[in-house]
Amino acid sequence: MPFREINSKMVEATVIPGQRLFSQRGAMLAYRGDVTFTPNIAGGQGGLMSMIGRRVAGEATPLMTVEGNGTVMFGHGGHHIQVIGLTGDTLYVEADRLLAFDGTLEQGTMFLGSQGGVMGMVRGQVTGQGLFTTTLRGHGAVAVMAHGGVIELPIAPGRPVHVDPQAYVAHHGDVRNKLSTALGWRDMVGRGSGEAFQLELSGSGAVYVQASEEEL
């Protein structure tokens, strides 16, 4: 795992020759050694289709390719940072929550509605977040950002987890999701809070939940 947590808001990454990292633009705080930062308009290893997905979702800011030999410190906006290790599975995470990740991971996009019917559409309206989410698959590490700290909640067969959609950060594993209403439709008129909805995640894996519902 190339990321070392310095504190709750900063991580340090080791960069070695022949390997690369991707980071959000503006995430570099400091570095040591011979390290280069290059805009990557192709959107990482997902290539053109990944970038198209990001543009549709309004996330056209290019990633930075980080290469060389040295160490880099990453952070952004004072947000809490959580490092997630992947061992061959897929992480689903909002693109604007990505701080940095291993270049070995394959990046793609997924329409949220494909996993939960109208979930993506409703969530986009309620939380202001896009209908697309970023996927990262393979073996490696990902540093994600959130407000007020992050807790990892395990998801086990027969024991689904219900999450406020606005508190959702990411999830991984063999997980299905669906959106249900915690209140009647009449009660939700005029409500802007995600508390009117519950995101149910079932299967086997884990979901990451942030302490604050603020958007990044």
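Only a predicted model underlies this, so the values are computations on that prediction, with no experimental measurement involved.

1. A few points about the overall build of the chain
Along the chain, the regular secondary structure elements total four helices and 13 strands. Burial statistics for the chain: of 216 residues in total, 50% are counted as buried. In the chain, once contacts between residues fewer than 6 apart in sequence are set aside, the share between residues at least 24 apart is 80%.

2. Observations regarding the pairing of strand 3 (residues 20-23)
Pairing geometry for strand 3 and strand 5 (residues 63-74), over four bridges, is antiparallel. Across the sheet, L21 pairs through a bridge with V66, a residue of strand 5. In this structure, strand 3 lies alongside strand 7 (residues 98-102), joined through three bridges in antiparallel fashion. Bridge pairing links L21 to D102 in strand 7.

3. Some thoughts on the confidence of the model for the chain
For the chain, per-residue confidence averages 78 on the pLDDT scale, and 69% of positions sit at 70 or higher. Considering only residues more than four positions removed or in separate chains, one finds that residues 44-60, a stretch of pLDDT under 50, has 36 contacts. In this model residues 116-130 is a low-confidence stretch, pLDDT under 50, and it forms 32 contacts with partners more than four residues away in sequence or in other chains.

4. Notes on the packing of aromatic side chains
According to the stated counting rule, one finds two aromatic pairs in the structure shown. Relative to F101, the ring of F22 lies with its centre 5.5 Å away and its plane at 40 degrees, an arrangement referred to as tilted. Here the residue F22 occupies a position in strand 3, and F101 occupies one in strand 7, the gap between them amounting to 79 residues. Like F22, the residue F101 is buried in the burial classification.

5. Considering the pattern of salt bridges
Tallied over the entire structure, the rule returns three salt bridges. A salt bridge links R32 to E12, with the nearest nitrogen and oxygen atoms 2.7 Å apart. One end of the pair, R32, is in strand 4 (residues 28-40); the other, E12, is in strand 2 (residues 10-15), and 20 residues separate them in sequence. Assessed through its relative accessible area of 48%, R32 is described here as partly exposed. When salt bridges that share partners are traced, they join R4, E12 and R32 into one network.

6. Thoughts on the environment of L91
Among the secondary structure elements, L91 is positioned in strand 6 (residues 80-93). Distance in space between the C-alpha atoms of L91 and A206 is 9.8 Å, their sequence separation being 115 residues. With near-sequence residues (within four places) excluded, L91 lies in contact with I84, L86, T134, T135, L136, V142, A170, H171 and H172.

7. Side note on the side chain of Q82
Relative to the helices and strands, Q82 is located in strand 6. Residues contacting Q82, with those up to four places away along its chain left out, are V142, A143, V144, V150 and Y208.

8. Things to note about the environment of E67
Tracing the backbone shows E67 in strand 5. Owing to a relative accessible area of 33%, E67 belongs among the partly exposed residues under this scheme.

9. Thoughts on the environment of E200
With respect to the element layout, E200 can be found in strand 13 (residues 197-210). A residue is classified by how much of its surface remains accessible, and E200, at 18% relative accessible area, is buried. On a C-alpha basis, the gap between E200 and V175 in space is 9.9 Å, while along the polypeptide they are 25 residues apart. Those residues in contact with E200, other than ones at most four positions away along the chain, are P160, V161, H162, R176, N177 and K178. Side chain to side chain, E200 and H162 meet in a polar contact 3.1 Å long.

The rules behind these values
Residues numbered from 1 in each chain as written. Predicted model: local features only at pLDDT ≥ 70, side-chain atom pairs only at ≥ 80, totals over all residues. Heavy atoms only, no water. Helix = DSSP H or I, 4+ residues; strand = E, 2+ residues; numbered from the N terminus. Buried < 20%, exposed > 50% of the residue type's maximum accessible area, 1.4 Å probe, protein only. Contact = heavy atoms within 4.5 Å. Pairing = 2+ DSSP bridges. pLDDT = per-residue confidence, 0-100. Phe/Tyr/Trp six-rings, centres within 6.5 Å; stacked < 30°, edge-to-face > 60°. Salt bridge = Lys/Arg side-chain N within 4 Å of Asp/Glu carboxyl O. Polar contact = N/O pair within 3.5 Å; in protein donor to acceptor, adjacent residues only side chain to side chain.

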